[in-house]
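Secondary and tertiary structure notes
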Amino acid sequence: MATIFTKIVQGEIPSYKVAEDENYYAFLDINPNAKGHTLVIPKQEVNKIFDLDKEIYKGLMDFSYRVAKALEKAIPCERIGMSVIGLEVPHVHVHLIPINFMDDMRFVKKEKLSQEEFLTVAKLISANFQ
Ligand code: AMP
């Protein structure tokens, strides 16, 4: 069965898209640690990051780098934190999180955003993506 992230890529489930190319897709995390929390995924459905084909893995890091650069420009923060967990959704995803404090990486302190705020943030990051 397709993962929820494959359904997002295929447009069956809505997402706040930030960037996309042939192999990768970036969108806002629906339950963000902080404003701008973005997930970057390979379109190919693979559960664990180190099971990825090495070229797809390298491409994922390259795409995440570009998204992180856009995030840094769009969201005022101390830096961008990066994490890969995957215990909830079995489809590789890189968390890119604008952080100011260690706690911003702990996945316990959550930010509530309205639909309008999600849309504005996604557009802002997208506009800075190169
Ligand atoms: P984990 O698998 O533990 O790395 O966490 C999965 C992440 O995916 C969590 O931060 C969720 O908030 C996020 N998530 C789950 N479903 C969606 C969705 N439909 N759209 C955006 N983010 C999602």
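Refer to the preceding data block for the structure.
Quantities reported herein were computed from a predicted structural model and do not represent experimental measurements.

What follows deals with the packing of helix 2 (residues 54-74) against helix 3 (residues 115-128). When two helices pack together, you describe them by how their axes are tilted relative to each other and by the distance separating the axes. Two elements in contact, helix 2 and helix 3, have axes whose closest approach is 8 Å; the angle formed by their N-to-C orientations is 120°. Considering how the two elements wind past one another, helix 2 and helix 3 form a crossing that is right-handed. In this structure, helix 2 uses Ala-70, Leu-71, Lys-73 and Ala-74 to contact helix 3, whose residues at the interface are Leu-124, Ile-125 and Asn-128. The residue makeup of the contact of helix 2 with helix 3, split by class, is five nonpolar, one polar and one charged.

Residues in contact with the ligand amount to 16 residues; listed here are only the nearest, Asp-29, Gly-86, Glu-88, His-93 and His-95. Gly-86 is positioned with one of its backbone polar atoms (N or O) 2.9 Å from an oxygen atom of the ligand. Surface burial for the ligand is 87%, taken as the share of its 510 Å² of free accessible area covered by protein chains. Looking at the shell around the ligand, the elements that each hand over two or more residues are helix 1 (4-9) and strand 2 (24-28). Per-element accounting of the shell around the ligand gives the leading share, three residues, to helix 1. Grouping the constituent residues of the shell around the ligand by class yields 10 nonpolar, four polar and two charged.

With that settled, the discussion passes to helix 3. Compared with an ideal rise of 1.5 Å per residue, which puts 14 residues at 20 Å, helix 3 spans 20 Å between its outermost C-alpha atoms and is within 8% of the ideal. Where helix 3 is concerned, the buried positions are Phe-118, Val-121, Ala-122 and Ile-125. Projected down its long axis, helix 3 carries its buried residues within an arc of 100°, all on one side. Exposed and oriented more than 90 degrees from the buried face of helix 3 are Glu-116, Lys-123 and Ala-127. For helix 3, the elements touching its buried residues are strand 1 (17-20), strand 2, strand 3 (38-42) and helix 2.

In this structure the tally under the stated criterion is six aromatic pairs. Ring geometry for Phe-5 and Phe-27: centres 5.3 Å apart, planes at 75°, overall edge-to-face. With Phe-5 in helix 1 and Phe-27 in strand 2, the pair connects residues that are 22 residues apart, well separated along the chain. For the pair Phe-5 and Phe-27, a shared accessibility class is recorded, and that class is buried. Each member of the aromatic cluster is reached from another via a ring pair, and the members are Phe-5, Tyr-25 and Phe-27.

Rules behind the numbers
- Residues numbered from 1 in each chain as written.
- Predicted model: local features only at pLDDT ≥ 70, side-chain atom pairs only at ≥ 80, totals over all residues.
- Heavy atoms only, no water.
- Axes fitted to C-alpha atoms, helices over the stretch in contact; angles between N-to-C directions.
- Helix = DSSP H or I, 4+ residues; strand = E, 2+ residues; numbered from the N terminus.
- Left-handed = near helix turned anticlockwise from the far one by under 90°.
- Contact = heavy atoms within 4.5 Å.
- Nonpolar A, V, L, I, M, F, W, Y, C, P; charged D, E, K, R; others polar.
- Near = heavy atom within 4 Å.
- Polar contact = N/O pair within 3.5 Å; in protein donor to acceptor, adjacent residues only side chain to side chain.
- Areas by Shrake-Rupley, 256 points an atom, 1.4 Å probe, with all protein chains shown as cover.
- Expected span 1.5 Å × (residues − 1).
- Buried < 20%, exposed > 50% of the residue type's maximum accessible area, 1.4 Å probe, protein only.
- Arc of directions from axis to C-beta.
- Phe/Tyr/Trp six-rings, centres within 6.5 Å; stacked < 30°, edge-to-face > 60°.

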